[in-house]
Every structure is written in structure tokens, then in C-alpha cells.
Amino acid sequence: MPPEIIKFAYSKKSAYTALVVVGLLILLLLKTCIGCFLSHDIVGGIIFAVFISLIAALLGLMIVTRLVPAIKGEIALELDENGAKDYIRNIILDWKDVEDIGLKPGRSSAMLVFELKFDSDFGKQVFVSLRWVEGRDQDIYKAVLEYFDAAEGIEREGPPTP
């Protein structure tokens, strides 16, 4: 019998960090844009204004899709007896379709790699980013692997390797 449902929330730390970085980028571009207009470089000012608008739209999207769910404590990744649900990208994987699970380290965050038994719409490998998931990447990977092993009745020798 598989363990009870495990839920991982959105990461507030990642959401706030991304918000600060994008906000600083907007301020830097805004300073440059104002400098262009003050020096009567209208074309340069308009170009920077367009970039500011695009990045501000990205900031708004990030607030709605990452920061608000993090503040509300919504679930980003869920493990249950049927499979894994990635609510960030809206991906549902059944344990019966998963052959193995790995961890692909990255510079700022890791990704879970679900090796499937067949080619799906996402390919034979499905990558789930842990950037927006609360917790340490290794701990999340270990929990997912242990849950998968328990759900499928797999016994592994030694500690999990990424």
C-alpha cells in the first residue's frame, strides 16, 4: 500500500527572488528610458519603453502564476497512489507509465526526470522543474523516488542516485 498523499507547495522564496530581479531590471530600464527622453533621444526612449512594457507584462504574469499561488499556499507538486501531478505545468503522470525517475541538476534549480515506458506528447522523458517547488531539490527527489518505489513495489539497493 502506497504512503499517504504528499504535497509540495509553491516556493515563496523563489517567487520573491524572481519578483525582485525582474523589478530591478525594470527600474534599470526605466532609468535608461528617462535618460533617453531627457537627452531628446526619442527613438531610444521609445525602444526602452517598449522593453519596459514587455518586461512589466512578464512581471504581471509572474505575479499571477507564481507569487499569488505561493502566498495562498497552493500545491505545486503532488504525489498520490495514482501518480505525480505537476500543477505548475499541468502535467499528470501515472506511476504505471513511469519506468524510472532521475534528478538533473542545474545552476539555479534541478529538474525531476520521469523516464516513461513509451513516447508521450512530451516525449519519452518528462522534465519537472523544481524551481518553483518549496524544499531542497535532493529532499524532493528522494521523496518522489521513495513514493514511486512504494507505489510500484520496487526495492532499490543503496541510496538514490541523481
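Please refer to the structure placed before this passage.
This is a predicted model, so every value here is computed, not measured.

Chemist: Help me understand the overall build of the protein chain in this model?
Modeler: Each helix and strand in the protein chain was counted, giving three helices and seven strands. Each helix (α) and strand (β) of the protein chain, taken in turn from the N terminus, gives the series β-α-α-β-β-β-β-β-β-α. Here the C-alpha radius of gyration of the protein chain, 21 Å, is well above what a compact globule of 162 residues would show, namely 15 Å. With the principal axes as the frame, the protein chain shows a C-alpha extent of 70 × 30 × 25 Å. Counting all 162 residues of the protein chain, 35% fall into the buried class. In the protein chain, once contacts between residues fewer than 6 apart in sequence are set aside, the share between residues at least 24 apart is 52%.

Chemist: Just to check I follow, could you spell out the sheet that holds strand β7 (residues 123-129) for this structure?
Modeler: Sheet strands line up and pair through hydrogen bonds in the backbone, either parallel or antiparallel. The strand order across the open sheet built from three strands is β5-β6-β7, with neighbouring strands paired in antiparallel fashion. The open sheet has two edge strands with one neighbour each: β5 (98-104) and β7. With direction set aside, neighbouring strand axes in the sheet form an average angle of 25°. Of the strands in this sheet, β5 and β6 (111-120) are in contact with helix α3 (residues 137-152), which crosses β5 at around 170°.

Chemist: Looking at this structure, I do not really get the sheet that holds strand β3 (residues 83-86). What am I missing?
Modeler: Taken in spatial order, the four strands of this open sheet run β1-β2-β3-β4, and their pairing is antiparallel. On the outer flanks of this sheet lie β1 (6-9) and β4 (91-94), each paired with one strand and no other. Direction aside, neighbouring strands of the sheet carry axes that sit 10° apart on average. Relative to β4, β3 runs antiparallel, the two sharing four bridges. Across the sheet, G83 pairs through a bridge with D94, a residue of β4. The strands touched by α3 within the sheet are β1 and β2 (75-79), with β2 carrying the most contacts at an inclination of about 35°.

Chemist: When you look at the nonpolar core in this model, what are you seeing that I'm missing?
Modeler: Soluble, globular proteins show a tendency: their nonpolar side chains are buried together. In terms of nonpolar packing, the biggest core is built from 41 residues, with L77, W95, I101, L112, F114, V133 and V144 touching the most fellow members. Looking at this core, the elements with two or more residues in it are α1 (12-38), α2 (42-72), β2, β4, β5, β6, β7 and α3. Sorting elements by how many residues they give to this core places α3 first, with seven residues. Excluding its chain neighbours within four sequence positions, the residues that come into contact with I101 are W95, L112, V113, F114, Y141, V144, L145 and F148.

Chemist: Sorry if this is basic, but what is going on with the layout of surface pockets here?
Modeler: Think of a ball as big as a water molecule: rolled over the atoms, this probe shows where empty space is left. Each pocket or cavity is described by its volume, and for the largest pocket that value is around 300 Å³. Taken together, 15 residues line the largest pocket, and the ones lying closest to its centre are S11, K13, S14, S108 and R131. No other element matches the four residues that α1 contributes to the lining of the largest pocket. Taken together, the residues of the lining of the largest pocket break down into four nonpolar, six polar and five charged.

Chemist: What exactly am I supposed to notice about a nonpolar patch on the surface here?
Modeler: Side chains of F37, I42, V43, I46, I47, V50, F51 and L54 sit close together on the surface and give an oily, nonpolar patch of about 750 Å² of accessible area. When residues in the nonpolar patch are grouped by element, the largest group, seven residues, is from α2. For V50, the position within the fold is in helix α2.

Chemist: How should I be thinking about the packing of aromatic side chains in this particular structure?
Modeler: Each aromatic ring pair is characterised by the separation of its centres together with the angle its planes make. Applying the stated criterion to the full structure yields two aromatic pairs. Residues W95 and F148 carry aromatic rings whose centres are separated by 5.6 Å and whose planes lie at 50° to one another, so their mutual orientation is tilted. A residue pair is termed long-range when its members are at least 10 positions apart, and W95 in the loop between β4 and β5 and F148 in helix α3 qualify at 53 residues. Using a relative accessible area of 1% as the deciding quantity, one classes W95 as buried. We classify F148 as buried; its relative accessible area is 1%.

Chemist: How do you make sense of the side chain of R66 when you look at a structure like this?
Modeler: Along the chain, R66 turns up in helix α2. An unpaired buried charge is present at R66: no salt bridge exists, and D86, the closest side chain of opposite charge, is 8.0 Å distant.

What counts and what doesn't
- Residues numbered from 1 in each chain as written.
- Predicted model: local features only at pLDDT ≥ 70, side-chain atom pairs only at ≥ 80, totals over all residues.
- Heavy atoms only, no water.
- Helix = DSSP H or I, 4+ residues; strand = E, 2+ residues; numbered from the N terminus.
- Rg over C-alpha atoms; globule rule 2.2 N^0.38 Å.
- Buried < 20%, exposed > 50% of the residue type's maximum accessible area, 1.4 Å probe, protein only.
- Contact = heavy atoms within 4.5 Å.
- Pairing = 2+ DSSP bridges.
- Axes fitted to C-alpha atoms, helices over the stretch in contact; angles between N-to-C directions.
- Core = buried A, V, L, I, M, F, W, Y, C linked by side-chain atoms within 4.5 Å.
- 1 Å grid on protein atoms, 1.4 Å probe; cavity = no way out; pocket = protein on both sides within 12 Å on 5 of 7 lines; lining within 4 Å.
- Points joined across faces, edges and corners; volume = space filled by probe spheres on them.
- Nonpolar A, V, L, I, M, F, W, Y, C, P; charged D, E, K, R; others polar.
- Patch = residues over 30% accessible without salt bridge, like charges linked within 9 Å, V, L, I, M, F, W, Y side chains within 5 Å.
- Areas by Shrake-Rupley, 256 points an atom, 1.4 Å probe, with all protein chains shown as cover.
- Salt bridge = Lys/Arg side-chain N within 4 Å of Asp/Glu carboxyl O.
- Phe/Tyr/Trp six-rings, centres within 6.5 Å; stacked < 30°, edge-to-face > 60°.
- Lys, Arg positive; Asp, Glu negative; His and termini not counted.

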